[in-house]
Amino acid sequence: MASSSSALPVSSHPWKYDVFLSFRGEDTRKTFVDHLYSALLQHGIRTYKDDETLPRGESIGPSLEKAIEESEIALVIFSENYADSSWCLGELAYIMKCKDTRGTKVMPIFYGVEPSTLRKQKYKYREAFSKHELENKDKVESWRQALVDASNLSGWDPKDMANGHESKAVKEIVETISRSLSPLTSSANKDLIGIEARVQKIISVLDIGSGGVRMIGIWGVGGGGKTTLALSVYGEISSRFDGCCFIENIREESSKQGLEKLQETIISNIFKQNKMKVNKVGARWLPHERLRRMKVLIVLDDVDQHDHLKMLAGSHGWFGEGSRIIITTRDENLLTAHRVNVIYNIMLLNDDEAIKLLRNHTLQDYKHIKDYELLSQDVVSYAGGLPLALIVLGRFLCDKDINEWRSTLARLKAIPKTDIMEKLKISYDGLEPLEKELFLDLACFYKGWHKEEYIMATLTACGFHPVIGLKVLVQKALVTISNKRFDMHDLVQEMGHYIVRGKYPNNPEKHSRVWKKEDILKICDADASEKLDMIEAINLGDNLYGETELLPPLLANMKNLRLFRLRADLASPFPTNFSPVELRCLELDGISQKQLWNGYKHLPNLKIMSLWHLENLVVTPDFSGLPNLERLVLDRCPCLEKIHPSIGCLQKLVFLVVEECSGLKMFPPIARLKTLEIISFAMCPNIFNLTELQQQKMDNLPHLHLDNSGKKVASVKKSSTNLFVSCWMCGDREVTKPGDELIDVEVEQYSLPPNNMNHHTISWFLPTCFRILNLSACNVGDKDIGSVVWELPNLEQLFLIGNSFTRLNFSVLRVPQLKKLIVTNCRDLVELLELPSSIAIVEANNCSSLESFGDVSNCKWLWKVSLMRKNKLGPHGGDILLDSILQGNALQDHFITFNLQHQMIPKVFVGRLYRGRTCTLHLQDDWCNDFRGFLICIVTKNIVVSHINIVIKHLTDEDSPFELWQESNEGLDRNHDKTTKYVGYISFSSLRLLNSPYNIISFSIDLMYFGEVYDGETYLGVELVPKKSKVDEVQATNCSEFWDKETEDRPTFTIQHDSESSIKIIWRPYYYIKQLTKMVVKVDVQNDEEKEKALMALSSVPGILSKSIDMEEKKLTAIGYNLTGEFISKLKKYWHTELVAIEYL
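Here's what I pulled together on the structure shown here. (Residues numbered from 1 in each chain as written. Predicted model: local features only at pLDDT ≥ 70, side-chain atom pairs only at ≥ 80, totals over all residues. Heavy atoms only, no water.)

1. Let's talk about the overall build of the protein
When helices and strands are counted, the protein shows 35 helices and 48 strands. A burial count over the protein gives 54% of its 1145 residues as buried. Of the roughly 50,500 Å² of accessible surface on the protein, a fraction of 48% belongs to carbon and sulfur atoms. (Helix = DSSP H or I, 4+ residues; strand = E, 2+ residues; numbered from the N terminus. Buried < 20%, exposed > 50% of the residue type's maximum accessible area, 1.4 Å probe, protein only. Areas by Shrake-Rupley, 256 points an atom, 1.4 Å probe, with all protein chains shown as cover.)

2. Quick look at the sheet that holds strand β2 (residues 47-49)
Sheets are built from strands paired through backbone hydrogen bonds, the pairs being either parallel or antiparallel. Spatially, β2-β1-β3-β4 is the arrangement adopted by the four strands of the open sheet, whose pairing is parallel. Two strands lie at the open edges of the sheet, namely β2 and β4 (105-110), each paired on one side alone. Across this sheet, the average inter-strand angle for adjacent strands is 25 degrees, counted without regard to direction. The pairing of strand β1 (residues 17-23) with β2 spans three bridges and is classified as parallel. If you follow valine 19 over to β2, its bridge partner there is threonine 47. (Pairing = 2+ DSSP bridges. Axes fitted to C-alpha atoms, helices over the stretch in contact; angles between N-to-C directions.)

3. Let's talk about the side chain of arginine 631
As for its placement among the helices and strands, arginine 631 is situated in strand β19 (residues 631-635). Classification of arginine 631 by relative accessible area gives buried; the value is 9%. Looking at arginine 631, its side chain comes within polar contact range of the side chain of glutamate 453, at 2.8 Å. When residues no more than four places from it in sequence are discounted, the contact partners of arginine 631 are Glu453, Tyr454, Ala457, Lys607, Ile608, Met609, Leu653 and Phe655. (Polar contact = N/O pair within 3.5 Å; in protein donor to acceptor, adjacent residues only side chain to side chain. Contact = heavy atoms within 4.5 Å.)

4. Let's talk about the pairing of strand β10 (residues 324-329)
Counting buried residues along β10, six of its six residues qualify, which places the element largely inside the surrounding structure. Residue alternation in β10 divides its side chains into two sets, Arg324, Ile326 and Thr328 and Ile325, Ile327 and Thr329, and both sets are buried. Note on the crossover from strand β9 (residues 296-303) through helix α15 (residues 306-312) to β10: the handedness is right-handed. (Right-handed = clockwise from strand over helix to strand, strands pointing away.)

5. A closer look at the pairing of strand β6 (residues 243-247)
Of all five residues in β6, five are buried; the element is thus mostly enclosed. Residue alternation in β6 divides its side chains into two sets, Gly243, Cys245 and Ile247 and Cys244 and Phe246, and both sets are buried. Taken together, the five bridges between β6 and β9 define a ladder with parallel strand orientation. Paired with glycine 243 across the bridge in β9 is valine 296.

6. A closer look at the packing of aromatic side chains
Under the criterion given, the structure shown has 18 aromatic pairs. Seen from their ring centres, phenylalanine 78 and tyrosine 82 are 5.0 Å apart, and the 65 degrees between their planes marks the pair as edge-to-face. A single burial state applies to phenylalanine 78 and to tyrosine 82, both of which are buried. Seen in terms of ring centroids, tyrosine 428 and phenylalanine 439 are 6.0 Å apart; in terms of plane orientation they differ by 50 degrees. Their pairing is tilted. With tyrosine 428 in helix α21 (residues 418-429) and phenylalanine 439 in helix α22 (residues 433-446), this residue pair connects regions lying eleven residues apart in the sequence. With respect to class, tyrosine 428 is no different from phenylalanine 439; both count as buried. Residue placement shows lysine 417 over the ring face of phenylalanine 396; its charged tip is 4.0 Å from the ring centre. (Phe/Tyr/Trp six-rings, centres within 6.5 Å; stacked < 30°, edge-to-face > 60°. Lys NZ or Arg CZ within 6 Å of the ring centre and 35° of its normal.)

7. Things to note about the sheet that holds β9
Strand order in the open sheet formed by five strands is β6-β9-β10-β5-β11, with parallel pairing between adjacent strands. Each edge of the sheet is formed by a strand with only one pairing partner; in this case those strands are β6 and β11 (342-345). Strand-to-strand twist in this sheet, taken as the mean axis angle between neighbours without regard to direction, amounts to 15 degrees. Relative to β10, strand β5 (residues 214-219) runs parallel, the two sharing six bridges. Across the sheet, glycine 217 pairs through a bridge with isoleucine 327, a residue of β10. Seen against the sheet, helix α13 (residues 250-257) touches β6 and β9 and runs at an angle of roughly 90 degrees to β9. Where helix α14 (residues 259-271) meets the sheet, its contacts fall on β6 and β9, and the angle it forms with β6 comes to roughly 150 degrees.

8. Description of unusual backbone geometry
Notably, aspartate 207 is not glycine yet its phi reads approximately 50 degrees, a positive angle. Within the secondary structure, aspartate 207 sits in the loop between α11 (195-206) and β5. Of note in this structure, asparagine 779 is not a glycine but carries a positive phi near 60 degrees. Structurally, asparagine 779 is set in the loop between β25 (772-774) and α30 (782-785).

9. Details of the packing of helix α23 (residues 453-461) against helix α24 (residues 466-475)
The interhelical angle for the contact between α23 and α24, taken along N-to-C directions, is 100 degrees, at an axis separation of 9 Å. Between α23 and α24, the interaxial angle falls into the category roughly perpendicular. Mapping the contact onto sequence places Met456, Leu459 and Thr460 in α23 and Pro466, Val467 and Leu470 in α24. (Parallel < 35°, antiparallel > 145°, perpendicular 65-115°, else oblique.)

10. Quick word on the nonpolar core
Within the largest apolar cluster, 148 residues are counted, with the highest numbers of intra-cluster contacts made by Phe564, Phe681 and Phe853. Beyond its immediate chain neighbours, meaning those up to four positions away, phenylalanine 853 contacts Leu832, Leu835, Val842, Val865, Leu867, Leu873 and Leu881. Within the second largest apolar cluster, 92 residues are counted, among which are Cys444, Phe464, Leu473 and Phe486. (Core = buried A, V, L, I, M, F, W, Y, C linked by side-chain atoms within 4.5 Å.)

11. Concerning α11
For α11, built from twelve residues, the straight-helix expectation of 16 Å at 1.5 Å per residue is met to within 8% by its first-to-last C-alpha distance of 16 Å. Taken residue by residue, α11 has Ile195, Arg198, Val199, Ile202, Ile203, Val205 and Leu206 as its buried positions. End-on view of α11: buried residues confined to an arc of 165 degrees, all on one side of the axis. For α11, the secondary structure elements touched by its buried residues are β5, α12 (226-237), β10, β11 and α17 (351-361). Two residues or fewer past α11, aspartate 207 is found with a positive phi of approximately 50 degrees. (Expected span 1.5 Å × (residues − 1). Arc of directions from axis to C-beta.)

Written out as structure tokens, the structure is:
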């Protein structure tokens, strides 16, 4: 069979034979020994039998001695006439010598003789030795001693076994021998790096001692060692089964031989008969009846089709009690669909294991090579723990000198080893066309990127259906989602690059995707008339400012471009003839043009347009030719003055973000956009200060902006037969209802609110269908928000961060579906009035004037409130709010989180807080029936933690008591205001440990602060929350009303582990708004090279706007949005790093 990918080749057994048979032919050759020999062979036990094994004409003495030395077990069948043969006695003496010198296992069978007969040489043994004393006097003593020693060994007497049934005795002997043999892997493990622990893990999940039939899948990336692991496990355990079969490389063999041949191979191997036929009814293969009565071990290696499993191991019912089926594959879905019992994800080699494996395949005397250790680390880094790569590279480098090693490593960065790539490419070849395209985009563009909504939207816009596509790629072991980021093995990514480069590695103009700076510069040097139709996507994140002057003219030649993402400047606007009809995504960052293109441009498939940091952009493009645009982002375009009015025609627009465009003083009406779901005008402080009327066109019709009198229409109407009128409101004046003179004029009333909005502003200007509205830092005041009725029936999330209003009155803000309200940094806010009953989350951090939260008793689904930093709610404000929340419906099956910073410690925890990060709770009998959940309080100094790890465990013995807050030496009291209090509630309903009878439970916490464990002073308390009255409990609660969709990637509570003995919960109590941050760290860089490396290490950290290092003080300063622990973690991989200061700008 063709070989499949393995971590290492399996070494040969150190013993040539498993068993050496020593017997007296005249007594047992055609009877007992014949049956025993056949049974040994049927069990795959390699057996030496002199008259079967010795070649004719060969000297018996030396050959026998060699065969004995090469056998692990010597099976000696003592029969009545055994001692008559000097040959047998000579064999026995040498066997006993090897027992002492080579560790040969000796197992005697006393066939028709007693052990005492041998020991005392009685009966025929006495007669035989009398003859030998005359003929072989010098050997007799050693023969006598060998007989005595053998007779003292534990062995078998067939007449005393199985009531004298010889066939059953043979079976029992063979099974015992099989179990006594050293596993095949034991000798190979010295070459199979790291295999032993992995083998034991698989054996443990196989659970061989238990009954039933178990199927185990070994899944992972190609070249990761799945086949080697399966072979090693097979060798370790195969002797414990009635029949065994290992079918290698089914992916290739099924196409060569067909599944019927593979089925025949399985049953022939298991039944140890040649050319057995499978049962077949029509097109269906039926399992052999004998399989159901046998305990079998079958390994199916490299399965890549559902039919392989259906035909070769159709179901658990095909096999007998105790059978085990092992399946190796690159496709997790095959295992899931086949309902295997356990899926084991192959573990790649760690660095230490990888170094050992590399050494096994390079020069044995590696130490004489200068810089070998350093170069080996480079090879290991390149291979990334993939055994296939280490073996291929090790074999290639084994006869190379130091310069050739360096040259090889340099070449690998540009041209990977073909045999490694082709092996990995097998997984890619099995994908559907759309899945292939999705994988190549991820490999070329998005590895390491956060799996954010806009990336998924980009992949969706390209037609890749990423939700199901990503699932397939993960199951194929090509992609992983790690810490909410797209990830893949480095060599799998390189395989994607290898596919894109194809036959033209040095001709990027012939690649489907371009992502490297050097490639785009090479394309810029191309002839302006050259066709570039093969380029489908350009994604350049490198800073190319000043180097892409020649790119715009060439873009017109890219007729099939579907994605263009550029972080660079363009020397000129897009050319007039740039109109790629396949373009789906256009994302530009940092270009200096005042406009993207002149006039109308037809881009019928464009779905996403994102314009970032376009500091000179004055006017947006005409949107008329973009009928399918779904997402529009204008971010940090300070000079932007005009949004083209055709934006009001984008009937498929779903996502509209206009942020930090400080020069924008007007916005066209968008009330007709019925598909809009998300709107953000954050940090556009002048957008609501419209003072002039604007003339614009919409739907290709004359479009007139009226003053409030409507008088201007009559004169215009005379000169236009098809008039579309948009009524704008200005200042405090009311819009006049259209009179008779406008009866045949289509009138659409819009308005863009000035500082002083009137009664109908919001509903006229905005559509009512959207779910999310962000007006943060938009200079919204009381006149804007207090005297206007906002009819927004579908709004779920409202962000009003950093505005200047003093009151929010929800009798005027009509938002019946509102779930989330964020008013953080509204320093003038005094009170919140009549929160809607639908509200779930309120964050009012740093609202320093806030005095009243209003009555929230009707807010039954309120579960998260954050009041960090200063406010004026009073000493008991926190208690009142917490009491109201604890009366709500969220207690029944969900979580609650409540953050306080300057209020008192909640009264329920006064005198109940323990110093430290661990405490115990003593529970009464039947506590689960009387209470509904745990209420946890954590008090720290004035810091904001990113998340809290909570571990809850059952205890059988009481821990030592912990110090209570009220007994602490510092004498802190309830009014201490330099602390942060986190209160959380965890419902019992989903906690398994409640099924345990224990009455003592421990709680332990770790507080994480910028990626580090916070080790400052901490206090912890836990209380039980009682159930409501029985009458209240009977009333069912509709839990579908509970809303916790605040963030996709940072849920407030995550149950990470849940068992009957312990639970681990990650609690993220604080929502980080988009906050400009300055962070200073001390980093131990020694020279300019390390300085550049440190700055480069931070290039992938999202949100960084600028970074610099002061080499004299060794301080690194970075400014960006929401800089957190990832910033420090990147540096800590290479240098000692300490946080010096953090400042919110």
